[in-house]
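Understanding the architecture of this molecule
Here is how the chains run, residue by residue.
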Amino acid sequence: MKTILQILGIIILSFSLLSCNEELVEQAQSGILKGKVVKRGTNVPLGNVKIFTAPTTETVFTGTDGTFEIKNMPIGNYSVKAELSGYITTFQAVNIQKQDQVVTAVFEMDDDNSLNTPPTTPLLLSPIDNAVNQPLIVELTWNSTDPDTADVLKYNLTIKNNLDTNIIQVNDLLTNHYTLSNLKFGVSYFWQVSVSDGIHAPVLSAISKFTTNMVPLNRYHYVQKQNGNLLIVSSNELGANFQFTNSSYNSWRPRKNNNAGLIAFLRTEGGNSHIYTANPDGSNVFKVTTVPVAGFNNNEMDFSWSTNGQEFLYANFNKLYRINKDGSGLNLVYTAPSGTMISECDWSYDGSKIALKTNSVNGYGTQIYIIDMLGNTIKTILSGTLGASGGLNLSIDGNRLLFTRDMSGFEDVSGNYRQLDTKIFVYDLISNITYDISSESERPQGTNDLDPRFSPNNAQIIFTNTSNDNISQRNVITVDLNNDLTDMQRTTLFTNAEMPDYE
């Protein structure tokens with residue numbers, strides 16, 4: 001009996017152990033959860049996202065590629081949470097049903113915009129809305145704020161106009177201002193700013209309008225050197241100016257004609273110099289000549305309008321040509337004597353005579369004389385002198401001629417055409433008397449007076465004064481003439497300026 005009881009106990013204990021082993025085996029069964037976290041709408045991986053489960057297993061963080069893995073997750077149902085600052089926490093249900101099962105989950109997380117405030121609507125500050133008489137270079141300014149100081153604000157600027165369909169678009173500005181240049185006269189511009197913090201949709205400003213100045217009736221034009229090129233500036237007597245020609249071109253010798261309503265000038269093209277015209281605002285640039293303006297030195301060449309604004313006179317080496325302003329009707333007017341070339345010409349107001357300056361190939365051996373329209377010499381003003389001369393301009397009545405002469409007689413064999421003591425003279429064609437304007441207006445020692453022009457009423461002379469070192473700044477000066485052409489005063493009109501024109 002005792003033996004039977006022992007055997008029965010062993011059997012009961014075995015069943016109990018088997019039952020316990022089955023429970024341990026079932027509890028040890030587990031699977032694997034793999035997944036990836038991305039930003040919704042872009043599929044950009046999100047790193048450092050906290051992944052944890054309920055019931056609790058292991059807490060992990062995503063890598064830079066957005067992936068994660070939780071091993072040894074016991075069989076069962078779980079709620080898996082993805083959490084990252086700045087994003088809305090995301091939940092996903094996961095069920096692991098059998099041993100070594102691999103479950104894959106993808107979490108798409110949205111920006112938590114509720115934690116971030118969009119920027120304020122940009123306020124357009126300047127120019128104020130409906131501003132008029134604005135310059136051709138305008139500084140646009142605006143303001144927008146964002147209470148989230150960590151946000152980086154970027155601005156997009158859109159500009160339209162009432163002249164054409166051109167749209168100026170400037171994107172990703174990090175500052176709240178922008179310089180708008182190369183505007184046109186008398187045009188209304190409409191501008192709008194949008195701001196974005198990279199989180200919310202861009203916020204648009206209102207649309208503001210400003211209008212530029214009308215084309216000024218500037219009487220002065222002169223030349224400045226910029227970036228190695230000569231450019232032309234248009235100005236009034238108060239110094240309100242604008243850049244008339246583009247600085248990417250070499251342009252000089254401005255000559256305005258009120259009857260034509262155009263400004264003519266010389267410009268380099270392909271190594272040659274040609275006459276061009278443009279409207280007073282610098283628009284509609286037109287090349288007049290095909291046979292170039294040519295002589296010993298491009299910067300010393302000059303040309304002349306007809307009074308009615310229909311034609312030009314200009315020189316090509318020893319030949320003087322006449323051409324219509326539209327480029328048609330090229331005719332030879334005069335041929336200079338052998339061995340000389342024409343550098344300057346000026347057509348009288350009544351169109352009956354022409355003042356000429358000729359010189360040798362190096363610019364010296366100059367002669368200044370007057371011819372009629374048939375090429376006959378009427379009067380010789382200067383001949384047989386040493387040194388440079390030039391600056392021809394006839395008075396309105398044709399009875400006086402402006403010219404310059406280097407009284408030192410210096411001739412620069414190096415080819416720099418340097419002048420040492422150049423003065424302005426007025427020659428009276430009736431009395432044959434020459435007046436020394438530079439001396440009577442007390443020209444500073446060591447300087448040259450160059451490129452003189454009569455004012456429209458002949459009451460003034462406008463010209464360039466500069467040091468004879470050939471490198472110093474050039475300034476535009478005026479001298480008021482009196483009846484006896486003595487004891488006159490100088491006034492500086494423009495600084496850093498040369499080759500003036502006054503019409």
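- The chain goes by Carboxypeptidase-like regulatory domain-containing protein in an unreviewed UniProt entry, where it is assigned to Chryseobacterium turcicum.

Brief notes about the overall build of the chain
- Counting its secondary structure elements, the chain contains two helices and 41 strands.
- Radius of gyration (C-alpha) of the chain: 43 Å, far over the 23 Å computed for a compact globule of 503 residues.
- Its C-alpha atoms put the chain at 170 × 50 × 45 Å along the principal axes.
- Summed over its atoms, the accessible surface of the chain is roughly 25000 Å², and 50% of this surface lies on carbon and sulfur atoms.

Comments concerning the sheet that holds strand β27 (residues 319–324)
- As summarised here, the arrangement of the four strands in space is β25-β26-β27-β28, forming an open sheet in which the pairing is antiparallel. Both edges of this open sheet fall to β25 (304–305) and β28 (331–335), since each of them pairs with a single strand only.
- As defined by bridge partners, β25 adjoins strand β26 (residues 311–316) across two bridges and the pair is classed as antiparallel. Residue Ser304 lies in a different strand from β26, and its bridge partner there is Leu313.

Description of the sheet that holds strand β21 (residues 251–257)
- Read across the sheet, four strands follow the order β21-β22-β23-β24 without closing on themselves; strand pairing throughout is antiparallel. Edge strands, defined here as strands with exactly one partner in the open sheet, are β21 and β24 (286–287).

Remarks on a negative patch on the surface
- Side chains of Glu440, Glu442, Asp484 and Asp487 sit close together on the surface and give a patch of like negative charge.
- Within the secondary structure, Glu440 sits in helix α2 (residues 437–440).

Considerations on the pairing of strand β22 (residues 262–269)
- The element β22 is extensively covered by neighbouring structure, given that six of its eight residues are classed as buried.
- Note: β21 against β22, five bridges, orientation antiparallel. Directly across from Trp252, in β22, lies its bridge partner Leu266.
- A loop of four residues connects β21 with β22, the two strands running antiparallel in sequence, and Gly261 in this loop sits at a positive phi of about 70°.
- In this sheet, strand β23 (residues 272–278) lies alongside β22 in antiparallel orientation, the contact comprising seven bridges. Residue pairing for β23: Phe265 is matched across the bridge by Tyr276.
- Counting the residues that bridge the hairpin from β22 to β23 gives two residues, and of these Gly270 lies at a positive phi of roughly 60°.

Let's talk about the confidence of the model for the chain
- Averaged over all residues, the pLDDT of the chain is 92; the fraction at 70 or higher stands at 94%.
- Within the model, pLDDT remains below 50 along residues 1–5, and this stretch shows zero contacts once partners closer than five positions in the same chain are excluded.
- Per-residue pLDDT stays below 50 along residues 10–26; that stretch engages in zero contacts with residues further than four places along the chain or on separate chains.

Focus on the pattern of salt bridges
- In this structure the tally under the stated criterion is 13 salt bridges.
- A salt bridge links Lys357 to Glu344; the nearest nitrogen and oxygen atoms lie 4.0 Å apart. Pair noted here: Lys357 is in strand β30 (residues 353–359) and Glu344 is in strand β29 (residues 341–347), with a separation of 13 residues, a long-range link.
- Taking the shortest distance from any N to any O, the salt bridge between Asp421 and Arg443 comes out at 2.5 Å. Taken together, the residues Asp421 in the loop between β34 (400–406) and β35 (422–428) and Arg443 in the loop between α2 and β37 (447–454) connect sequence positions 22 residues apart.
- Overlapping salt bridges, with partners in common, bring together Arg255, Asp302, Arg453 and Asp501 in one network.

Some thoughts on the packing of aromatic side chains
- Here the structure, examined in full by the defined rule, presents 16 aromatic pairs.
- Here the aromatic rings of Tyr220 and Tyr502 are separated by 4.5 Å at their centres, their planes lie at 20°, and the arrangement is stacked. Residue Tyr220 is found in strand β18 (residues 220–226), and its partner Tyr502 is found in strand β41 (residues 498–502); the two are separated by 282 residues along the sequence. Of the two residues examined, Tyr220 and Tyr502, each falls in the buried class.
- Both rings, one in Phe265 and one in Tyr276, keep their centres 6.1 Å apart while their planes meet at 15°; by these two values the pair is stacked. Of this pair, Phe265 sits in strand β22 while Tyr276 sits in strand β23, and the two are 11 residues apart along the sequence. For the pair Phe265 and Tyr276, a shared accessibility class is recorded, and that class is buried.
- Ring-pair connections join several aromatic residues into one group, and the members of that group are Tyr220, Tyr222, Phe494 and Tyr502.
- It is Arg267 that lies over the ring of Tyr249; its NZ or CZ is 4.2 Å from the centre.

Details of the environment of Thr277
- Examined against the element boundaries, Thr277 turns out to sit in strand β23.
- Apart from residues no more than four positions distant in its own chain, Thr277 is found in contact with Leu262, Ile263, Ala264, Phe265, Asn284, Val285, Phe286, Val288, Trp305 and Phe312.

Brief notes about unusual backbone geometry
- In this structure, Pro55 follows Ala54 across a cis peptide bond, with omega equal to 0°.
- Of note, Pro55 is situated in the loop between β3 (50–54) and β4 (60–61).
- For Asn227, which is not glycine, the phi torsion reads 55° and is therefore positive.
- Summarising the element assignment, Asn227 is placed in the loop between β18 and β19 (229–235).

Side note on the environment of Val479
- Relative to the helices and strands, Val479 resides in strand β39 (residues 474–480).
- Considered as a pair, Val479 and Ile437 are 42 residues apart in the sequence and their alpha carbons are 8.5 Å apart.
- Not counting residues within four places of it along the chain, the set of residues in contact with Val479 comprises Ile437, Ser441, Ala459, Gln460, Ile461, Phe463, Met488, Gln489 and Arg490.

Quick word on the side chain of Asp428
- Looking at the secondary structure, you find Asp428 in strand β35.
- Arg400 provides the closest opposite charge to the buried, salt-bridge-free Asp428, at an N-O distance of 4.1 Å.
- One polar contact links the side chain of Asp428 to the main-chain amide nitrogen of Ser431, over a distance of 3.0 Å.
- When neighbours within four sequence positions are excluded, Asp428 is seen to be in contact with Asn399, Arg400, Ile433 and Tyr435.

Details of the side chain of Glu344
- The exposure class assigned to Glu344 is buried, which follows from its relative accessible area of 6%.
- A distance of 2.8 Å separates a polar side-chain atom of Glu344 from the backbone nitrogen of Gly391.
- Within the local environment of Glu344, its side chain forms a polar contact with the backbone nitrogen of Leu392, the two atoms lying 3.0 Å apart.
- Leaving out residues up to four positions away in the same chain, Glu344 has contacts with Glu300, Asp302, Ala355, Leu356, Lys357, Ser389, Gly390, Gly391 and Leu392.

Each value, and the rule that gives it
Residues numbered from 1 in each chain as written. Predicted model: local features only at pLDDT ≥ 70, side-chain atom pairs only at ≥ 80, totals over all residues. Heavy atoms only, no water. Helix = DSSP H or I, 4+ residues; strand = E, 2+ residues; numbered from the N terminus. Rg over C-alpha atoms; globule rule 2.2 N^0.38 Å. Areas by Shrake-Rupley, 256 points an atom, 1.4 Å probe, with all protein chains shown as cover. Pairing = 2+ DSSP bridges. Patch = residues over 30% accessible without salt bridge, like charges linked within 9 Å, V, L, I, M, F, W, Y side chains within 5 Å. Salt bridge = Lys/Arg side-chain N within 4 Å of Asp/Glu carboxyl O. Lys, Arg positive; Asp, Glu negative; His and termini not counted. Charge placed at Lys NZ, Arg CZ, Asp CG, Glu CD. Buried < 20%, exposed > 50% of the residue type's maximum accessible area, 1.4 Å probe, protein only. pLDDT = per-residue confidence, 0-100. Contact = heavy atoms within 4.5 Å. Phe/Tyr/Trp six-rings, centres within 6.5 Å; stacked < 30°, edge-to-face > 60°. Lys NZ or Arg CZ within 6 Å of the ring centre and 35° of its normal. Polar contact = N/O pair within 3.5 Å; in protein donor to acceptor, adjacent residues only side chain to side chain.

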